[in-house]
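Examination of the molecular architecture
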Amino acid sequence: MEHLQEPSFRQSVDLMFNRAVALMDLPPGLEEKIRVCNATYTVRFGVRLRGQIQTFTGYRSVHSEHMEPVKGGIRFAMSVNQDEVEALAALMTYKCALVETPFGGSKGGLRIDPREYEEYELERITRRFAYELIKRDLINPSQNVPAPDMGTGEREMAWIADQYARMNTTDINSRACVTGKPLNGGGIQGRVEATGRGVQYALREFFRYDEDKAAAGLTGTLDGKRIIVQGLGNVGYHAAQFLSTEDGALIIGIIEHDGALIDPKGLNVDEVRAHIAATGGVKGYNQGTYVAEGLRVLEHECDILIPAAIEGVINMHNAPRIVAPLIIEAANGPVTAGGDEILRQKGCVIIPDMFANAGGVTVSYFEWVKNLSHIRFGRMQRRQEESRHQALIDELERLSADKGLGWTLSPGFKDQYLRGAGELELVRSGLDDTMRAAYQAMRHVWHERDDVTDLRVAAYLVSIDRVAKAYRAKGL
Ligand code: NAD
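Quantities reported herein were computed from a predicted structural model and do not represent experimental measurements. (Residues numbered from 1 in each chain as written. Predicted model: local features only at pLDDT ≥ 70, side-chain atom pairs only at ≥ 80, totals over all residues. Heavy atoms only, no water.)

Some points on the packing of aromatic side chains
This model, assessed by the stated rule, comprises 13 aromatic pairs. Geometrically, the ring pair formed by phenylalanine 103 and tyrosine 365 is edge-to-face, given 5.7 Å between the ring centres and 90 degrees between the ring planes. Of this pair, phenylalanine 103 sits in the loop between α3 (82-98) and β4 (104-111) while tyrosine 365 sits in helix α12 (residues 359-373), and the two are 262 residues apart along the sequence. Look at phenylalanine 103 and you get buried, because its relative accessible area is 1%. According to the relative accessible area criterion, tyrosine 365 is partly exposed, its value standing at 23%. Ring geometry for phenylalanine 206 and tyrosine 439: centres 6.3 Å apart, planes at 75 degrees, overall edge-to-face. One end of the pair, phenylalanine 206, is in helix α6 (residues 194-206); the other, tyrosine 439, is in helix α15 (residues 423-448), with 233 residues separating them in the sequence. The pair formed by phenylalanine 206 and tyrosine 439 is uniform in burial state, with each residue classed as buried. Through a chain of ring-to-ring contacts, the aromatic side chains of Phe206, Phe207, Tyr209, Phe355 and Tyr439 assemble into a single cluster. One cation-aromatic arrangement involves arginine 197 over phenylalanine 242; the distance from NZ or CZ to the ring centre is 3.5 Å. (Phe/Tyr/Trp six-rings, centres within 6.5 Å; stacked < 30°, edge-to-face > 60°. Helix = DSSP H or I, 4+ residues; strand = E, 2+ residues; numbered from the N terminus. Buried < 20%, exposed > 50% of the residue type's maximum accessible area, 1.4 Å probe, protein only. Lys NZ or Arg CZ within 6 Å of the ring centre and 35° of its normal.)

Shown next as structure tokens:
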């Protein structure tokens, strides 16, 4: 298989798109309009650091503006290039349509290894990159709203928001120019965990359907299921942590950039993360077996494989050796089009990235709405909800006493019932609802249409149809 030519990330996304549109009846020309990337801006800028000017290259790609603002993360990595940014921007279009967030698709990236720089240097570089994008409305609350991605987080988003506010001093909605901000900088509770939480909700929904589990040869619940996760960053850590501590799954393998850990009894995700934070990798961790060639662990036996690091890790070369019956694409594009074909033929069920990792953009949407409405979710209703619940409890207790019924409410029930939902509960509820609705839309197409045999094509069909309808509504 070594001689096989792997398509680029961009080509992979196009191939998957083509497989779906072949099953659709779009008006002539619309298919091409949806597929192409509208614009990609490349910027090279200099920053004076350590006594000399260093030049950096960054991108912001806008794939589709059928809805505005467009939305998509900003990635800091040495591997960033135009092809990758465009592929990721396209995925954002389909992802937003699938989970019904009212955005077009975009993505940005800066070619940089953030670990090479001090914090104050990174701040100068980020602000300068943001300045270049803001100047051209490629960061703007009503036109283009970035978010974190690989190599960026709350800190970078706070710098970007501040840079925008400095350049737009009278824009009352300036905080909505970027999402994934820290809580005290206009962020929302539950955003950091959102993508990993979404992966958990996606798996829970999958496991609600016997027919879907049967397609992967699985039964039962998530309890006791053996999981291997690649990448213990924001997405991988939260997914693995929630699935192991809340659903009883066993994290039997963790693959990181310096190797992997395996333990059939299940690894403690928090402890492994602390070890990575302290030492920079998984090597030297005192539990389980360390495997230097981490990628080979993707091929180990497990029930669920969660690639949550980078694209292209499952491809034509290793797909024949992958034995996991269920793969959930927490990263963007971890399975190439070639790998996808091999796995499908083997009967592996793949929960596709555009759905699986949509938790991030979903909660980003909530954050953007919060910023535009200038009020925290739940602030108006919470106490009112509590007082209505209190009235019901009082009435039940009065009835019980009056009639001598001797009713007592079970321990914990009263507390749980009386507590009105705060922002975090509302965000989680909105995310759960979104993931369930999107999964149901996908599985409906998967099971109803004879010509659809996998969830990825089903996801593309749902989202392309919605994008096409949006274009048609605009008169295109
Ligand atoms: P991150 O930088 O927090 O974590 C990435 C992790 O993967 C790090 O721990 C890194 O060491 C590890 N890693 C990198 N290369 C690896 C390799 N070759 N093998 C094994 N491990 C490797 O990034 P993240 O935000 O968790 O993003 C991960 C993926 O999820 C990306 O594909 C990203 O586009 C996607 N995603 C992220 C979000 C989000 O909200 N952060 C939302 C949607 C999709």
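Concerning a nonpolar patch on the surface
Taken together, the side chains of Leu399, Leu405 and Trp407 define a hydrophobic patch exposed on the protein surface, amounting to about 300 Å² of accessible area. Examined against the element boundaries, leucine 405 turns out to sit in the loop between α13 (382-403) and α14 (413-418). (Patch = residues over 30% accessible without salt bridge, like charges linked within 9 Å, V, L, I, M, F, W, Y side chains within 5 Å. Areas by Shrake-Rupley, 256 points an atom, 1.4 Å probe, with all protein chains shown as cover. Salt bridge = Lys/Arg side-chain N within 4 Å of Asp/Glu carboxyl O.)

Brief notes about the site of the ligand
Taken together, 22 residues form the shell around the ligand, and within it Arg75, Asp149, Thr195, Glu256 and Asn332 come nearest. The contact in question runs from an oxygen atom of the ligand to an N or O atom on the backbone of glycine 151, over 3.4 Å. Here glutamate 256 contributes a side-chain N or O atom positioned 2.5 Å from an oxygen atom of the ligand. Here the ligand, which alone exposes 830 Å², has 82% of that area covered by the protein. Those elements giving two or more residues to the shell around the ligand turn out to be α8 (234-246) and β7 (250-256). (Near = heavy atom within 4 Å. Polar contact = N/O pair within 3.5 Å; in protein donor to acceptor, adjacent residues only side chain to side chain.)

Regarding the sheet that holds β4
On the basis of which strands lie adjacent, the open sheet formed by 5 strands has the order β1-β2-β4-β3-β5 and mixed pairing. The open sheet has two edge strands, β1 (39-49) and β5 (144-148), and neither has a second partner. The mean inter-strand angle of the sheet, taken between neighbouring strand axes irrespective of direction, is 25 degrees. Where strand β3 (residues 70-77) lies against β5, 5 bridges are found, and the strand directions are parallel. Bridged to glycine 72 within β5 is proline 146. (Pairing = 2+ DSSP bridges. Axes fitted to C-alpha atoms, helices over the stretch in contact; angles between N-to-C directions.)

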